Amino acid sequence: MAPKIYIAQDPVLEEVLDRASATLDGQGWDVVRGPAITPGVPLRLTPEQRQSLLGDVDIIVASSRSRLSEEDLDASPRLRALVFPTIGVDAVDLKACTARGLMVANGATPENFLAMSEATVMLMLVLLYRLHESERLLRENAGRPQQMYARMLRGRTIGLIGSGRIGGGVVERLRAFDPSEILIHDPFLTPETAPEGVRLVSREEVLGQADVISLHVPLNAETRGMIGEAELRAMKPDAILINTSRGGLIDEDALVRVMGEGHLGGAGLDVTETEPLPDDHPLRSLERVILTPHILGHTVDLYTVMPDVLVENATRIMRGELPLYPRNPEVEGDWRKRLDGLTA
């Protein structure tokens, strides 16, 4: 029997998913594509769609534009694993997958997480130097300002909330800029596992001491809205806030209020609660805010390797091997028991 794989649609990753689908189809896989997705509305399968699309698949491929329920995970008695082309796996409850002995693989390639690390540092520099304001001066033939406004990254205190691969890449790249100090709040880090030269602190210390704060945590029930009005007001008046992780971590209404009052030196958001961001969203009217459509880390380099990694992860899983990038490697024992049950 040919391996059967369900590959969700995603307008952002259309090229990647189409190329992976074509490769697997050419290798004899039975490829099932998901229904079309409305931009800004995460796809949730109906019971009828679940039965017809997932009822006998070996692998599910999804992205952040989908939402997978526990019913989806239980729809196929043959299901071995879930594969994500991206780093983020927030479309599914990772604990629910692990409890079922399901392996979850993602696309944590260097081209993926290091592109986001570079882009994050870029946002820090653009906002500290107020690049768009300088650009506007020239475009409008305005005179040079009487007072300079750019600030160096050198000598500044940088704070990261969460770390992981992307945060670690940010730390590596920041060292060349000679910041005063790098603070990290991450309950999963210890002095032994933290990047060299950083200081592990409480979230309150990051908020109160950092000149630049960057978020690097997944979106879940615990982190949703973690930066609200109280947290924003606890930051320095001229602090820079960066979010290249997931929309929903920041209370956007509170951000609009606080920045509208002149608090904070700037914000860089590659992700928002609703994507694409509505035309009339008040974030668009704020000065000192850079908004990009969840695209900063989507480089040519990444899109070149992403389909191949997806195919390799899926192929290894069907052979009973660990994928290139397991997101929940601790499930391996239960996963192999699940596989044994499928072949018994």
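Procedures and definitions
- Residues numbered from 1 in each chain as written.
- Predicted model: local features only at pLDDT ≥ 70, side-chain atom pairs only at ≥ 80, totals over all residues.
- Heavy atoms only, no water.
- Salt bridge = Lys/Arg side-chain N within 4 Å of Asp/Glu carboxyl O.
- Helix = DSSP H or I, 4+ residues; strand = E, 2+ residues; numbered from the N terminus.
- Buried < 20%, exposed > 50% of the residue type's maximum accessible area, 1.4 Å probe, protein only.
- UniProt positions renumbered as here; feature names shortened; annotations may be inferred.
- Expected span 1.5 Å × (residues − 1).
- Bend = angle between axes of the 7 residues up to and from the residue.
- Pairing = 2+ DSSP bridges.
- Axes fitted to C-alpha atoms, helices over the stretch in contact; angles between N-to-C directions.

With an unreviewed UniProt entry as reference, the protein is termed D-isomer specific 2-hydroxyacid dehydrogenase, source organism Celeribacter indicus.

1. Notes on the pattern of salt bridges
In the structure shown here, the tally under the stated rule is 26 salt bridges. With a shortest N-O distance of 2.7 Å, Asp-72 and Arg-50 are connected by a salt bridge. Of this pair, Asp-72 sits in helix α3 (residues 70-73) while Arg-50 sits in helix α2 (residues 47-54); the two residues are 22 residues apart in sequence, bridging distant segments of the chain. By relative accessible area, Asp-72 is classed as buried at 3%. Among the residues examined, Arg-50 registers a relative accessible area of 17% and is labelled buried. Close ionic contact of Glu-70 with Arg-100 constitutes a salt bridge, the shortest N to O distance being 2.8 Å. One end of the pair, Glu-70, is in helix α3; the other, Arg-100, is in the loop between α4 (94-99) and β5 (103-105), with 30 residues separating them in the sequence. Through salt bridges with shared partners, a single ionic network connects Glu-229, Arg-233, Arg-257 and Glu-261.

2. A look at the UniProt feature "domain: D-isomer specific 2-hydroxyacid dehydrogenase NAD-binding" (unreviewed entry) in the protein
The UniProt feature table records "domain: D-isomer specific 2-hydroxyacid dehydrogenase NAD-binding" (unreviewed entry) at residues 121-295. Between the C-alpha atoms that bound residues 121-295 there is a distance of 15 Å. The span itself is 29% helix and 15% strand.

3. Comments concerning helix α11 (residues 300-318)
When the terminal C-alpha atoms of α11 are compared, their 29 Å separation across 19 residues agrees well with the 27 Å that a helix rising 1.5 Å per residue should span. Approximately 30° is the largest bend angle found in α11, and it occurs at Met-306, with the proline Pro-307 only one to four residues beyond. Along α11, the residues classified as buried are Leu-302, Tyr-303, Met-306, Pro-307, Val-309, Leu-310, Val-311, Asn-313, Ala-314, Thr-315 and Ile-317. Note on α11: the residue one or two positions beyond its end, Gly-320, has a positive phi of about 80°.

4. Examining the UniProt feature "domain: D-isomer specific 2-hydroxyacid dehydrogenase catalytic" (unreviewed entry) in the protein
Using the residue numbers shown here, the UniProt feature "domain: D-isomer specific 2-hydroxyacid dehydrogenase catalytic" (unreviewed entry) corresponds to residues 49-320. Overall, residues 49-320 shows 35% helix and 13% strand. The separation of its end C-alpha atoms is 28 Å.

5. Remarks on the sheet that holds β5
Pairing is parallel across the open sheet formed by five strands, whose spatial order is β2-β1-β3-β4-β5. The open sheet is flanked by β2 (30-33) and β5, the only strands paired with a single partner. Across the sheet, the axes of successive neighbouring strands diverge by a mean angle of 20°, strand direction being ignored. Pairing analysis gives three bridges linking strand β1 (residues 4-7) to strand β3 (residues 59-61), with the strands arranged parallel. Each residue of the ladder has a partner; that of Ile-5, found in β3, is Ile-59.

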